[in-house]
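Take a look at the letters that make up each chain.
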Amino acid sequence: MPASKTADTTIETALYGQPSDERLAGPLRIAVVGTWGVPARYGGFETLAEQLARSLTPDIAEISFYGQKSAYSELERAGPFAGHARVWLPFSANGFQSVLHDALQLLHASWVGRHDRILLLGTSGAWALPLVRLNGLLRGRRIRIVANIDGLEWRRDKFGPLARGLLKLLEWFAVRFSSSIVADNAALVPMVRDLHGVEPLLIAYGGDHIGLPANAAAPASDSFLAIARIEPENNSALILEAAADTQARILFVGNWSATRYGCDLLATYGINPRLTLHPAVYDQSVLADLRGQAEAYVHGHSVGGTNPSLVEAIFHCERILAFDCPFNRATLEGEGAYFGSAAELARLMREPGSGRIAPAALARLRHRYRWETIAASYLAVMADPVAESQPAMNFR
């Protein structure tokens, strides 16, 4: 639990409804499944898992974090993390193997770990949820499953018809067999409601875990930063085209060599001395140095709900230029500036101060995306013995 009195009060309120000297008979036992593991080294779900571990001490919640064994060295896998257990299983947490990876985590958590509360991050293993429910019936115990279904993954352009169909089916399993559904963005709430007939809980991501270098020099006015997986729906090509057109200096951090799309962009734009195409970075101290070099942040994500990189940008930058879509507008509460094409982004890049967020609005956003609040929200929904989603049986 965070050391501050405010954080203590937030966690107590999540458990008991108001600060109290009362205590539960024992800490909640929670399994967190669906990630590469902790500490974070891949994406938003991993960051969420790590911050839950750091925000909730074992006297409040005993959490077992499941992860991909091959993603960490033997030394890295040794021992607990922030006082919590870690369970390492085979298969990859990415690609098609994730369907087996996440399902195996779910089955281990319920049948071997005998957890009665499971936080499922993503939908890849959701087909195994009926077996998890069966385990609860055989044990005479109700298993509470809370699923964060991410950003309706089947909407991503990179997936073909077969993959989209499978993702839709897995999403249906997650909604149908979970106790509660979490949406991380206000724009997702009506979409989930219309698609599945349930009312999801709105819990976003935090961003106050990032650090900035002390006494860093003020960055130049034409220095931009972008951090993203290099994929078409993140508009990586659009951002580079606009930066090249304006001759702005941009530091773009991403996994350039992971796909043909990224390799092609690296070959096309990597020779431009004002465009720095930096490999993906997960070390927070290195990221802090990179963030300190930027005067403005460019966010190209177009799908996926609340993107962690955008929330983190709120804590290190006052100027944000974001792709114009409902998810980004909801995350920023309409603050910043928006673009829908390379020409529009180029215009914003040329305008000094474009996308600058007023101090009062920035303070409001930073207060909204604190991890102590996010962790308390997840703790409350995991502790709730009553609330259940009532999913409709239709699937579209």
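Further up the page is the structure itself.
Residues numbered from 1 in each chain as written. Predicted model: local features only at pLDDT ≥ 70, side-chain atom pairs only at ≥ 80, totals over all residues. Heavy atoms only, no water.

## Section: the environment of Ala31
For clarity, the cut-off: The numbering of helices and of strands both runs from the N terminus, where a helix is a DSSP run of H or I of at least 4 residues and a strand a run of E of at least 2. Buried residues are those whose accessible area, probed at 1.4 Å on protein chains only, stays under 20% of the maximum for their type, while exposed residues exceed 50% and partly exposed ones sit between those limits. By definition, residues are in contact when any of their heavy atoms lie within 4.5 Å.
Within the fold, Ala31 resides in strand β1 (residues 28-33). Using a relative accessible area of 0% as the deciding quantity, one classes Ala31 as buried. What Ala31 contacts, discounting residues up to four positions off in sequence, is Ser64, Tyr66, Ala109, His115, Arg117, Ile118 and Leu119.

## With respect to the sheet that holds strand β13 (residues 337-339)
So the rule is basically this: Being paired, for any two strands, means DSSP has found at least two bridges between them. To define axes, lines are fitted to C-alpha atoms, for helices over the stretch in contact only, and angles between the resulting N-to-C directions are given on a 0 to 180 degree scale.
Read from one edge of the open sheet, six strands run β10-β9-β8-β11-β12-β13, paired in parallel fashion. Both edges of this open sheet fall to β10 (275-279) and β13, since each of them pairs with a single strand only. For this sheet, the mean inter-axis angle between neighbouring strands, taken without regard to orientation, is 20°. Sheet strands in contact with helix α8 (residues 236-246) are β9 (249-254), β10, β11 (296-299) and β13, and its direction is about 160° off that of β9. Lying on the sheet, helix α13 (residues 342-350) is in contact with β8 (223-227), β9, β11, β12 (320-323) and β13; it crosses β13 at an angle near 150°.

## Focus: the sheet that holds strand β3 (residues 85-89)
The sheet built from seven strands is open, its strands ordered β3-β2-β1-β4-β5-β6-β7 with parallel pairing. The open sheet has two edge strands, β3 and β7 (201-202), and neither has a second partner. Pairing geometry for strand β2 (residues 61-68) and β3, over five bridges, is parallel. Note on β3: the bridge partner recorded for Phe65 is Arg86. Where helix α4 (residues 98-112) meets the sheet, its contacts fall on β1, β2, β3 and β4 (117-121), and the angle it forms with β2 comes to roughly 150°.

## Structural notes on the layout of surface pockets
Filter applied, for reference: Both cavities and pockets are sets of points on a 1 Å grid over the protein atoms alone; in a cavity a 1.4 Å probe fits but cannot get out, in a pocket the set is open with protein on both sides within 12 Å along at least five of seven lines, and lining residues sit with an atom within 4 Å of a point. Grid points are joined across faces, edges and corners, and a volume is the space filled by probe spheres set on the points. Three classes are used: nonpolar for Ala, Val, Leu, Ile, Met, Phe, Trp, Tyr, Cys and Pro, charged for Asp, Glu, Lys and Arg, and polar for all others, with Gly counted as polar.
There is about 220 Å³ of room inside the second largest pocket. Lining of the second largest pocket is provided by 16 residues; of these, Pro219, Gly292, Ala294, His316 and Cys317 occupy positions nearest its centre. When its residues are assigned to classes, the lining of the second largest pocket shows nine nonpolar, two polar and five charged.

## A closer look at the pairing of strand β6 (residues 180-183)
Residues Ser180 and Val182 point to one face of β6 and Ile181 and Ala183 to the other, with burial holding for every one of them. Sheet analysis places strand β5 (residues 144-148) next to β6, joined by three bridges and oriented parallel. Following the sheet pairing, Asn148 is matched in β6 by Val182. Alignment of β6 against β7, held across two bridges, turns out to be parallel.

## A short note on the packing of α8 against helix α9 (residues 260-269)
Applied cut-off: Roughly parallel means an angle under 35 degrees; roughly antiparallel means over 145; roughly perpendicular covers 65 to 115; every other angle is labelled oblique.
Closest axis-to-axis distance for the α8/α9 pair is 11 Å, and the angle between their directions is 5°. The angle between α8 and α9 falls in the class roughly parallel. Of α9, the residues touching α8 (which contributes Ser236, Ala237, Leu240, Glu241 and Ala244) are Tyr261, Leu265 and Tyr269. Among the residues forming the contact of α8 with α9, the class breakdown is six nonpolar, one polar and one charged.

## Focus: the pattern of salt bridges
How we decide: For salt bridges, the criterion is a side-chain nitrogen of Lys or Arg within 4 Å of an Asp or Glu carboxyl oxygen.
Counted according to the given criterion, the structure contains 17 salt bridges. Residue Arg193 is joined to Glu199 by a salt bridge in which the shortest nitrogen-to-oxygen separation is 2.7 Å. In this structure, Arg329 engages Asp324 in a salt bridge whose closest nitrogen and oxygen atoms are separated by 2.7 Å. Ionic contacts of the salt-bridge type, sharing partners, join the residues Glu295, Glu318, Arg319 and Arg356 into one network.

## So, unusual backbone geometry
Comment: phi is negative for the bulk of residues other than glycine, and the bulk of peptide bonds are trans. A cis amide bond, omega 5°, links Val38 with the succeeding residue Pro39. With respect to the helices, strands and loops of the structure, Pro39 is situated in the loop between β1 and α2 (44-55). A positive phi angle, close to 55°, is found at Arg114, a residue other than glycine. Along the chain, the position of Arg114 falls in the loop between α4 and β4. For Arg114, a relative accessible area of 46% corresponds to the partly exposed category. A positive phi angle, close to 55°, is found at Asn235, a residue other than glycine. Of note, Asn235 is situated in the loop between β8 and α8. Overall, the relative accessible area of 15% leaves Asn235 in the buried class.

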